[in-house]
Amino acid sequence: LETPLVILVDRNTASAAEVMTAALQENKRAVVAGEQSFGKGIVQTIRQLEEGKNGGVAVTIARYETPEHHNINKQGITVDVKTSVDCE
């Protein structure tokens with residue numbers, strides 16, 4: 001495909017949206033514009049510590065990575081073109 005594609009991201013862009021953005025960016029299919037994304041790259045579940053009592057532990061059960069195996073957690077996606085994003 002030769003149709004130009006630009007993806008607009010900001011600091012609130014997270015999780016699967018970051019993975020899709022990275023896939024299109026790393027495959028040279030899209031230009032990413034805006035601000036550094038959030039960096040939500042893990043999936044967690046809460047396990048109760050003891051039945052009937054308050055308390056639990058968050059267990060990481062998966063992590064997101066880009067097609068080129070870059071970890072996006074707490075790093076986000078670096079944009080190709082920096083610009084301010086105001087979606088209010």
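Look above for the structure.
Since this is a predicted model, take the numbers as computed values, not measurements.

Visitor: Would you explain the sheet that holds strand 2 (residues 31-34) in this entry?
Guide: Where strands meet in a sheet, backbone hydrogen bonds hold them as pairs that are either parallel or antiparallel. Pairing is parallel across the open sheet formed by three strands, whose spatial order is 1-2-5. Strands with a single pairing partner mark the edges of an open sheet, and in this sheet they are strand 1 (6-9) and strand 5 (81-82). Here strand 1 pairs with strand 2 via four bridges, running parallel. Along strand 2, the bridge assignment pairs Val-6 with Val-31.

Visitor: Mind showing me how you'd approach the environment of Gln-25 here?
Guide: Inspection of the secondary structure assignment puts Gln-25 in helix 1 (residues 16-26). When its relative accessible area of 17% is taken as the criterion, Gln-25 is described as buried. Through-space distance from the C-alpha of Gln-25 to that of Asp-86 is 22 Å; in sequence the pair is 61 residues apart. Ignoring anything within four residues of it in the chain, the contact list for Gln-25 reads Ala-30, Val-32, Ile-77, Thr-78, Val-79 and Asp-80.

Visitor: Looking at this structure, I do not really get unusual backbone geometry. What am I missing?
Guide: Glycine aside, negative phi is the norm for most residues, and most peptide bonds take the trans geometry. A positive phi angle is found at Ser-15, which is not glycine, with a value near 60°. One non-glycine residue, His-69, adopts positive backbone phi at about 65°.

Visitor: Got a minute to help me understand the pattern of salt bridges in this structure?
Guide: Side chains carrying opposite charge are able to pair once their charged atoms draw close together. Evaluation of the coordinates by the stated rule reveals two salt bridges. Between Arg-11 and Glu-35 there is a salt bridge, and its shortest N-O distance comes to 3.3 Å. Note that Arg-11 is positioned in the loop between strand 1 and helix 1 and Glu-35 in the loop between strand 2 and strand 3 (42-48), a separation of 24 residues in sequence. The exposure class assigned to Arg-11 is exposed, which follows from its relative accessible area of 52%. Residue Arg-63 pairs with Glu-65 through a salt bridge whose shortest N-O separation is 3.1 Å.

Definitions and cut-offs
- Residues numbered from 1 in each chain as written.
- Predicted model: local features only at pLDDT ≥ 70, side-chain atom pairs only at ≥ 80, totals over all residues.
- Heavy atoms only, no water.
- Pairing = 2+ DSSP bridges.
- Helix = DSSP H or I, 4+ residues; strand = E, 2+ residues; numbered from the N terminus.
- Buried < 20%, exposed > 50% of the residue type's maximum accessible area, 1.4 Å probe, protein only.
- Contact = heavy atoms within 4.5 Å.
- Salt bridge = Lys/Arg side-chain N within 4 Å of Asp/Glu carboxyl O.

From the geometry alone we can't say anything about function, so treat these as descriptive.
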